[in-house]
Amino acid sequence: MGILAREIVDGSSMQRALTRITYEIIEQNKGVDNLVFVGIKTRGVYLAQRLAKRMEQLEGVKVPVGSLDITLYRDDRHQADHTVEPTVTSADIDFDINDKHVILVDDVLYTGRTVRAALDALMDLGRPKRISLAVLVDRGHRELPIRPDFVGKNIPTAVNETVHVAVEEYDGNEGITLE
């Protein structure tokens with residue numbers, strides 16, 4: 001018996017959600033001053049790059065994009081052992097985050113443990129003025145008191161379901177599926 005996956009968001013709807021997030025960030029930040037993006041690998045980095053590109057199209061300003069690599073488990077994978085904490089294995093951030101508004105970007109928000117690890121890593125790198133969280137999908141089931149500031153789609157799920165975000169740059173196709 002194979003795993004049944006059904007598309008819940010197509011590529012064009014995903015792009016519209018990212019455009020909406022971009023407008024919300026600009027509005028909340030009152031422009032793009034002191035703004036930087038940090039994507040959580042893998043798909044969060046591509047989403048952060050897309051947000052920065054859209055922001056450049058809208059505001060004419062190039063916003064820096066960095067990345068964090070957090071290992072142990074993907075928050076959208078149920079089979080993981082949740083008693084072990086995720087850790088940051090590398091950071092590719094070649095700009096100063098001190099006194100910046102850091103937008104942390106991830107594809108799926110689930111338990112909140114990956115985001116907590118990313119927050120710890122950012123604080124080790126400097127003292128941002130503010131950190132906001134942008135996620136394409138919030139699927140619920142939080143284990144930590146973490147709430148996204150910008151959400152593309154709220155997709156209520158059962159604990160045994162898996163949300164998969166596909167991005168063209170990495171997966172060769174676009175969309176969000178539920179298994």
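Up top is the structure.
In this report, we go over the structure that sits alongside the text. In this text, all values refer to a predicted model and were calculated from it rather than measured experimentally. (Residues numbered from 1 in each chain as written. Predicted model: local features only at pLDDT ≥ 70, side-chain atom pairs only at ≥ 80, totals over all residues. Heavy atoms only, no water.)

Another aspect to go through is the sheet that holds strand S4 (residues 87-92). Consider a sheet: its strands pair through backbone hydrogen bonds, and that pairing is either parallel or antiparallel. In space, the 6 strands of this open sheet follow the order S4-S3-S2-S5-S6-S7, with mixed pairing throughout. If you trace the sheet from one side to the other, it starts and ends with S4 and strand S7 (150-154), each paired once. Neighbour-to-neighbour, the strand axes of the sheet open up by a mean angle of 25°, direction not taken into account. Here strand S2 (residues 35-40) pairs with strand S5 (residues 101-109) via 5 bridges, running parallel. Bridge pairing in S5 links Phe-37 to Ile-103. Along the sheet face, helix H3 (residues 113-125) touches S2, strand S3 (65-71), S4, S5 and strand S6 (130-138) and points at about 160° away from the line of S5. (Pairing = 2+ DSSP bridges. Helix = DSSP H or I, 4+ residues; strand = E, 2+ residues; numbered from the N terminus. Axes fitted to C-alpha atoms, helices over the stretch in contact; angles between N-to-C directions. Contact = heavy atoms within 4.5 Å.)

The subject of this paragraph is the packing of aromatic side chains. Overall, the coordinates contain 1 aromatic pair when judged by the stated rule. Between Tyr-46 and Tyr-170 the ring centres are 6.2 Å apart and the planes differ by 35°, which places this aromatic pair in the tilted class. Linking Tyr-46 in helix H2 (residues 43-59) with Tyr-170 in helix H4 (residues 168-171), this pair joins segments that are 124 residues apart in sequence. Of the residues examined, Tyr-46 reaches a relative accessible area of 22% and is grouped as partly exposed. Above the ring of Tyr-110, the side-chain terminus of Arg-139 is found at 3.9 Å from the ring centroid. (Phe/Tyr/Trp six-rings, centres within 6.5 Å; stacked < 30°, edge-to-face > 60°. Buried < 20%, exposed > 50% of the residue type's maximum accessible area, 1.4 Å probe, protein only. Lys NZ or Arg CZ within 6 Å of the ring centre and 35° of its normal.)

In terms of nonpolar packing, the biggest core is built from 29 residues, with Phe-37, Leu-136 and Ile-176 touching the most fellow members. Of all the secondary-structure elements, those providing two or more residues to this core are helix H1 (11-29), S2, H2, S5, S6, strand S8 (163-166) and strand S9 (175-178). Tallying contributions element by element places H1 first for this core, with 6 residues. Excluding anything up to four places from it in sequence, Phe-37 contacts Ile-25, Ala-48, Leu-51, Ala-52, Met-55, Val-63, Pro-64, Val-65, Gly-66, Phe-95, Ile-103 and Val-105. Counting 20 residues, the second largest nonpolar core, distinct from the first, contains Ile-70, Ile-97, Leu-109 and Ala-117. (Core = buried A, V, L, I, M, F, W, Y, C linked by side-chain atoms within 4.5 Å.)

It is worth spelling out the sheet that holds strand S1 (residues 6-10) at this point. The 3 strands are arranged S1-S9-S8 in an open sheet whose pairing can be described as antiparallel. Bordering the open sheet on either side are S1 and S8, each of which pairs with just one other strand. Between one strand axis and the next, the sheet turns through 25° on average, direction left out of account. Bridging between S1 and S9 involves 4 bridges; their strand directions are antiparallel. Bridging across to S9, Val-9 finds its partner in Ile-176.

This next bit is on the environment of Gly-140. Residue position: Gly-140 is located in the loop between S6 and S7. A C-alpha to C-alpha distance of 9.4 Å links Gly-140 and Gly-112, two positions 28 residues apart in sequence. Residue contacts for Gly-140: discarding those within four places in its chain leaves Leu-109 and Tyr-110.

Taking 1.5 Å as the rise per residue, H2 with 17 residues should run 24 Å; its terminal C-alpha atoms sit 24 Å apart, in good agreement. Restricting attention to buried positions, one finds in H2 the residues Arg-43, Gly-44, Val-45, Leu-47, Ala-48, Arg-50, Leu-51, Ala-52 and Met-55. Directly beyond the C-terminal end of H2, a positive phi value near 70° is found at Gly-60. (Expected span 1.5 Å × (residues − 1).)

So, about the pairing of S3. Pairing geometry for S2 and S3, over 4 bridges, is parallel. Directly across from Val-38, in S3, lies its bridge partner Gly-66. Where S3 meets S4, 5 bridges bridge the pair, whose relative direction is antiparallel. Each bridged residue has a counterpart across the sheet, and for Ser-67 the counterpart in S4 is Asp-92.

Cis geometry is found at the peptide bond from Lys-41 to Thr-42, where omega equals 10°. Tracing the backbone shows Thr-42 in the loop between S2 and H2. At Lys-30, a position not held by glycine, the phi torsion is positive, near 55°. Relative to the helices and strands, Lys-30 resides in the loop between H1 and S2. Backbone geometry places His-141, a non-glycine residue, at a positive phi of 65°. A relative accessible area of 31% places His-141 in the partly exposed class.

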